[in-house]
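So you can see what is in the structure, the chains are spelled out below.
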Amino acid sequence: MFDCGEKTLSRRGLLGAAALTGLAGAGVSTQLAYAAPGYTGDTLVVLSLHGGFDGLSALAPIGDPDYYKARPGIAVPKAQVIAGDGSFGLHPALAPLLPLWKSGKLAGVHAVGQSNPTRSHFAAMEAMENAAPGTSLRTGWLGRMLGATGATGALAGVSVGAAMPDRLFAGPTPSVSMAGIDKFTLAGDSASRPRAAALRAMYADAPALQAAPALAADKALTASAAVRSATYTPANGAVYPATELGGALRDVARLIKAKVGLATAAVDCGDWDMHEGLGPAVKGQRMYDNLTDLALALAAFAADLGPEGMNSVTLLTISEFGRRVQENGSRGVDHGHGNAMLLLGGGVKGGQVYAKWPGLAPAALVAGDLAVTTDYRSVIGEILQKRCGLGSLDGVFPSVAPSTFGLVAAR
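The numbering scheme is per chain: residues are counted from 1 as the chain's sequence reads. Confidence filtering applies because this is a predicted model: local features only for residues at pLDDT of at least 70, side-chain atom pairs given and counted only at 80 or more, and all residues used for totals across whole chains, interfaces and linings. Side-chain metrics rest on all non-hydrogen atoms present in the structure, leaving aside hydrogens and water.

In the nomenclature of an unreviewed UniProt entry, the chain corresponds to DUF1501 domain-containing protein from the organism Paractinoplanes aksuensis.

Time to look at the overall build of the chain. What the chain contains, in helices and strands, is 11 helices and 12 strands. Residue burial is assigned from relative accessible area. The probe radius is 1.4 Å, only protein chains are included, and a residue is buried under 20% of its type maximum, exposed over 50%, and partly exposed in between. With 411 residues in all, the chain has 56% of them scored as buried. Of the roughly 15,800 Å² of accessible surface on the chain, 56% is carried by carbon and sulfur atoms. Labels follow the DSSP assignment, with helices taken as runs of H or I lasting at least four residues and strands as runs of E lasting at least two, numbered in each case from the N terminus. Each accessible area is a Shrake-Rupley estimate made with a 1.4 Å probe; only the visible protein chains count as cover when residues are assessed.

This next bit is on the packing of helix α7 (residues 195-203) against helix α8 (residues 208-229). If you want to describe how two helices pack, look at the angle between their axes and the distance between the axes. Orientation of α7 relative to α8, taken along the N-to-C sense of each, is 150 degrees, at an axis distance of 10 Å. Accordingly, the angle class assigned to the pair α7 and α8 is roughly antiparallel. The two elements α7 and α8 cross, and the hand of that crossing is left-handed. Packed against α7, whose contacting residues are Ala196, Leu199, Arg200 and Tyr203, the element α8 presents Gln210, Ala211, Ala214, Leu215 and Asp218 at the interface. Gly counts as polar in this scheme, as do all residues outside two lists: the nonpolar Ala, Val, Leu, Ile, Met, Phe, Trp, Tyr, Cys and Pro, and the charged Asp, Glu, Lys and Arg. Tallied by class, residues from the contact of α7 with α8 come to 6 nonpolar, 1 polar and 2 charged. Comment: axis = line fitted to C-alpha atoms, over the contacting stretch for helices; angle = value between 0 and 180 degrees taken between N-to-C directions. Just so you know how the angles are binned, under 35 degrees is roughly parallel, over 145 roughly antiparallel, 65 to 115 roughly perpendicular, and the rest oblique. Working rule for handedness: look at the near helix, and if it is turned counterclockwise from the far one by less than a right angle, call the crossing left-handed; if clockwise, right-handed. Two residues form a contact once any of their heavy atoms are found within 4.5 Å.

What follows covers the environment of Lys283. Inspection of the secondary structure assignment puts Lys283 in the loop between β8 (264-269) and α10 (286-310). For Lys283, a relative accessible area of 69% puts it in the exposed group. Here the alpha-carbon distance between Lys283 and Pro92, two residues 191 residues apart in the chain, equals 9.6 Å. Setting aside residues no more than four positions away along its own chain, Lys283 makes contact with Tyr288 and Asp289.

Packing of helix α9 (residues 244-257) against α10 leaves a shortest axis separation of 9 Å and a crossing angle of 15 degrees. Overall, the two elements α9 and α10 adopt an arrangement that is roughly parallel. Viewed along their axes, α9 and α10 form a crossing whose handedness is right-handed. Two secondary-structure elements touch here, α9 through Leu245, Gly246, Leu249, Val252, Ala253, Ile256 and Lys257 and α10 through Leu294, Ala297, Leu298, Phe301, Asp304 and Leu305. When the residues that make up the contact of α9 with α10 are grouped by side-chain class, the tally is 10 nonpolar, 1 polar and 2 charged.

Our next topic: empty space enclosed by the protein. Definitions used throughout: a 1 Å grid over protein atoms alone; a cavity as a set of points that fits a 1.4 Å probe which cannot get out; a pocket as an open set with protein on both sides within 12 Å along at least five of seven lines; a lining residue as one with an atom within 4 Å of a point. Grid points are joined across faces, edges and corners, and a volume is the space filled by probe spheres set on the points. As enumerated under the stated definition, the model contains 1 cavity of 30 Å³ or more in all. Taken together, 18 residues form the lining of the largest cavity, with Gly113, Gln114, Ser319, Glu320 and Phe321 sitting closest to its centre. For the lining of the largest cavity, the secondary structure elements donating two or more residues are β5 (106-113), α5 (121-130) and β10 (339-345). No other element matches β10, which puts 3 residues into the lining of the largest cavity.

Position of Thr139 relative to the elements: it lies in the loop between α5 and α6 (141-148). With 29 residues separating them in the primary sequence, Thr139 and Leu168 have C-alpha atoms 7.6 Å apart. Not counting the four nearest positions on each side in its chain, Thr139 is found in contact with Glu129, Asn130, Arg144, Arg167, Ala170, Gly171 and Pro172.

We define a nonpolar core as any set of buried Ala, Val, Leu, Ile, Met, Phe, Trp, Tyr and Cys residues linked to one another through side-chain atoms lying within 4.5 Å. With 61 residues, the main nonpolar core has Leu249, Val252, Trp272, Leu291 and Phe301 as its most contacted residues. A per-element tally of this core places α10 first, with 13 residues. Dropping the residues within four chain positions of it, Leu249 is found in contact with Tyr240, Val267, Ala297, Leu298, Phe301 and Leu315. Formed by 37 residues, the second largest nonpolar core is a distinct cluster that contains Phe169, Ala263, Leu316 and Leu393.

Burial runs high along strand β9 (residues 313-318): 6 of the 6 residues are buried. Side chains of β9 alternate between two faces, with Val313, Leu315 and Thr317 and Thr314, Leu316 and Ile318 buried alike. Here, strands pair whenever DSSP counts at least two bridges between them. Pairing analysis gives 6 bridges linking strand β2 (residues 43-49) to β9, with the strands arranged parallel. By the bridge assignment, Leu44 is partnered in β9 with Thr314.

A word on the packing of aromatic side chains. Paired rings are identified among Phe, Tyr and Trp, the last through its six-membered ring, by centres lying within 6.5 Å, and are further divided according to the angle between planes into stacked (under 30 degrees), edge-to-face (over 60) and tilted (the rest). Applying the stated criterion across every chain yields a total of 5 aromatic pairs. Plain terms: the ring middles of Phe53 and Trp272 are 5.0 Å apart, the flat faces sit at 80 degrees to each other, and that makes the pair edge-to-face. Here the residue Phe53 occupies a position in the loop between β2 and α2 (55-58), and Trp272 occupies one in the loop between β8 and α10, the gap between them amounting to 219 residues. Overall, the relative accessible area of 1% leaves Phe53 in the buried class. Taking the relative accessible area as the measure of exposure, Trp272 reaches 2% and is therefore buried. Each ring, one from Trp141 and one from Phe397, has its centre 5.4 Å from the other, and the planes form 45 degrees; the classification is tilted. You can see Trp141 sitting in helix α6 and its partner Phe397 sitting in the segment after α11 (376-387), a full 256 residues away along the chain. This pair shows no difference in class: Trp141 is buried, exactly as Phe397 is. By definition, being over a ring means that NZ of Lys or CZ of Arg is both within 6 Å of the ring centre and within 35 degrees of the ring normal. Cation over ring: Arg167 sits above Phe122, and NZ or CZ is 5.5 Å from the ring centre.

Printed below as a string of C-alpha cells:
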C-alpha cells in the first residue's frame, strides 16, 4: 500500500501514508485514538449495528398486543422468547447470551433513539456519531470522550473492522488505521527497509505540528508491538465465531488483556438493513442467523475476558435507527425510528429491559414508527459518568442529562 517507487522517502510521503491513513496492512480499516495513561475507568466498547437494527425483534415487546397485530408473519411468538418479564422477551437466537442475562451482566434498553427522525442511513449515522445536533461541533463523540478524560497517551482508543464508524473519532485526536492487531504494521517496513526508523528520524527535528501525526503513528506501533508478536489463545475455552465481528472482538479482548491503556473501542457490524427476508424466528432466516452470529461473538468476548476482566468493561450497541412497526409484503421491515440497545459488562445491572414504553397502538406511533422516549445519548451518558469517570457530560453530549434508569453501578 505504501510504496513511493523511490529509494529514499520524504517527510511528505511518510506523513501522507503513515500518519493520516495510517499504519496499513491488507484490508485495513481500523481507527485508533490515544488517551491518557492515567485513565482508570471502564474500557467502553461501542458496537455499531449498521443498517438499522430491528430492536422489536431482538427484544420483542411480547406484552404489547399491537406488536402481534402489526407483524403477523415475523413477530417473535411469546412461547419462543428465552427470557423476559412478560413485557419483553429475548429473541431465541440470542441463546448464547442467556447465561450473561441470568447472571445480571446483560441488559436491554428500549424505545431509544435520536431526537430528530430521519430514514436516511447516511444522515442518521452521521448524526449519531457526531451526537451534537443543533451545535457547531463537527467532531465525533468518542473523540470528545477521550479528550474529556485527558487523551494524550498511545493506544487508548481502537476502532476495529472492515467497515468503520468513520466519524466517532473525528476531530483533533490522532488516529491510525488497521484491519486487525496482527496487520497493524507500517506497510513495507522490514529489517532491510526500516521505514519505521526512517519515520522517526525524519520527524525528530520537525516542527511539532508537522511531526505529531507521524510520531503518534510510530508510538502506536511501538505500544502494540508486544501484542502483535505474541501468539494469542482465548482464555476460559472461549471460541470466537469465524466472522468479521468475532475477529474484531477477539482483537479488542487482546488489547484489553495486554494492558496497553485501552480506554475505548469501536467495532462496526453491518447487514441489519432487512427490507426483505427478516423472517420468522427460526434458523435459516436472516434475522435469526444474524442475531446468532452477534450472540456467539459477544458470548466469546465475555468468556475470554472472564468475570474479572469484564468487571472493568462496558459494551453497548447503537444503530442509526430502528425499523417500522408494520411488517411489509416481503417479510421484512422498512426504515423506522425507535430502537433498542444492548448493554454488557461487569457493572451492568442486567437481566431486564429498561424502557419508558410508549406502546405500539397506531395512535402512539410516530409516522408508523416506535416513538423514542429515551435519547440514546442519555443512556451512554449514565455509563460515562458512572463507569468512565466523567463529571459533566457537556464536553461530550452538550445539554444532555444522563438517564436515571440505574443501568449500571458506579465504580
